[in-house]
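Listed below, chain by chain, are the residues.
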Amino acid sequence: TTVTSVKVGAAVTISESGIEASGIGITCANINGTQIGGRRNIVINGAMNVAQRGTSSSDSGYATVDRFEYRFGGTDEAPVQTQADVASGTTPYSLGFRKSYKIQNGNQTSGAGAADNIYLRQRIEAQDIANSGWNYTSSSSFITLSFWVKSSVAQNFYGYVRSVDGTAQNYPFETGSLSADTWTKVTKAIPGNSNLQFDNNNDNGLNLSVIAPFWGTDYTDSGVTLNTWAAYASGTRTPDYTSTWYETNNATLEITGVQLEVGSQATAFEHRSFGEEKVLCQRYYYLHCSGDGKTIGTGSIYTDNYVFNDISFPVTMRANPSIDFVTGSNYYAHYSDGTADAFNQFVSLNNSNTNGCLIVSNNAGGVSNMSGGKAVHTITSNSASFLAFTAEL
């Protein structure tokens, strides 16, 4: 039974929009004009708990914390991205946050160049926005972004939200001046706009460039207006940057608790279990195995030197994935006749779909034991070995 409206006496009304007590000044509304229960956070892994690829890297791209893509260019020394620990005694820690995404600057000896950049983003599927309940073409309907951030350098930073479908639109915002080494919560209510378009598909629909330690002037313009939608252009992403952080050796920036939700208010962060968050991440990246002596799969030798292994994914991936692995003599095939061989590469995915695939591997050197017809159990052979599948946006 659904209660649409019940009056209690002459003063209290219970309805779909909440509880109102007229005449005594009490209104108890629902959460953000939407359901109280259910998933609210559109961002995946906003607490930075899942890091299938590793915990530290100087590479650009997806390399540590799942679903967050860290990019840089033009730097003299590569910054380092890390899944870091949130220190006890801090406000994020007391709210249940244990991990953060940390960027440590290198030594940018030539200063802040026009093409230099460091930024962090999450790409969100168009259908996740289209089906979110946000009336994104209405300026009176909102999504709200909130996150915790800490910088070792006192400075104002920028971020932006960019739609991808149709004519791309950009919404830039600022953190406000951050005090050095102090966690600050940033909240931005973002209205809809008649120019926004989000197709109902699994392609990239929204770029949430949640924060950028630095953008050079090739990407910024002093005339950019904050907190308003405008047509996206590469050279007008944000206002011009202060370069203090970028020109400070080993400066750090940490972020955690990233939440994007429908409504005009930031509600308490939606903490999800590690297991649930990992499943959401595996739609985009699935680490099948890593380390020494881990099972890849069972299969057979189709023809001399070619090993076939069937692999099922634990969740349906966003799209047909590509394979990710370390080249070299890092894998072993154990045969039904008791022999074994090392092989050095995976060749391709056969019959690949979003639920699984057949991987084909070989030994280019032509090992004699690898002959057609044998059953095979394939494993990793050293600590550097891994096999993964990626369907990132």
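Described below are features of the structure shown in this document. (Residues numbered from 1 in each chain as written. Predicted model: local features only at pLDDT ≥ 70, side-chain atom pairs only at ≥ 80, totals over all residues. Heavy atoms only, no water.)

1. Quick notes on unusual backbone geometry
Heads up, the condition is: The helix and strand labels rest on DSSP assignments: H or I over at least four residues marks a helix, E over at least two residues marks a strand, and numbering proceeds from the N terminus. Working definition: with a 1.4 Å probe on protein chains only, accessible area under 20% of the residue-type maximum means buried, over 50% means exposed, and in between means partly exposed.
Its identity is not glycine, yet Asp 181 carries a phi of approximately 60 degrees, on the positive side. With respect to the element layout, Asp 181 can be found in the loop between strand 12 (169-174) and strand 13 (184-191). Phi angles above zero are rare outside glycine, and Asn 227 is one such case at about 60 degrees. Mapped onto the secondary structure, Asn 227 falls in the loop between strand 14 (204-215) and strand 15 (230-231). Among the residues examined, Asn 227 registers a relative accessible area of 40% and is labelled partly exposed.

2. Details of the pairing of strand 9 (residues 117-125)
Defined as follows: DSSP bridges decide pairing: two strands pair if at least two such bridges lie between them.
Burial analysis of strand 9 places nine of its nine residues in the buried class, the great majority of the element. Burial of the side chains of strand 9 extends over both faces: Asn 117, Tyr 119, Arg 121, Arg 123 and Glu 125 are buried on one face and Ile 118, Leu 120, Gln 122 and Ile 124 on the other. In the sheet, strand 9 pairs with strand 14 via seven bridges, with the strands oriented antiparallel. In the sheet register, Ile 118 faces strand 14, and the bridge partner there is Phe 214.

3. Notes on the packing of aromatic side chains
Threshold: Here the aromatic set is Phe, Tyr and Trp, taking the six-membered ring for Trp, and pairing holds for ring centres within 6.5 Å; pairs whose planes are under 30 degrees apart are stacked, those over 60 apart are edge-to-face, and all others are tilted.
A full pass over the atoms with the stated rule returns 17 aromatic pairs. Ring centres of Phe 214 and Tyr 241 lie 5.9 Å apart, and the angle between their planes is 75 degrees; this geometry places the pair in the edge-to-face category. A residue pair is termed long-range when its members are at least 10 positions apart, and Phe 214 in strand 14 and Tyr 241 in the loop between strand 15 and strand 16 (252-262) qualify at 27 residues. Take Phe 214 and Tyr 241: they sit in the same class, and that class is buried. Plain terms: the ring middles of Phe 214 and Tyr 246 are 4.4 Å apart, the flat faces sit at 15 degrees to each other, and that makes the pair stacked.

4. Side note on the sheet that holds strand 22 (residues 340-343)
Spelled out, the test is: Under this scheme, a helix contributes an axis fitted over its contacting stretch, all axes are lines through C-alpha atoms, and angles between N-to-C directions fall in the 0 to 180 degree range.
If you walk across this open sheet you meet the seven strands as 22-21-25-18-19-24-23, and the pairing is antiparallel. Lying at the two open borders of the sheet, with one neighbouring strand each, are strand 22 and strand 23 (345-353). With direction set aside, neighbouring strand axes in the sheet form an average angle of 30 degrees. Judged from the five bridges that link them, strand 18 (residues 295-303) and strand 25 (residues 375-380) form a sheet pairing that is antiparallel. Considered in strand 25, the bridge of Thr 295 is made with Ile 379.

5. Observations regarding the pairing of strand 11 (residues 158-163)
Of all six residues in strand 11, six are buried, a share of seventy percent or more. Relative to strand 14, strand 11 runs antiparallel, the two sharing five bridges. Paired with Tyr 158 across the bridge in strand 14 is Ala 212. Bridge analysis of strand 11 against strand 12 gives five bridges, and the strand direction is antiparallel. If you follow Gly 159 over to strand 12, its bridge partner there is Phe 173.

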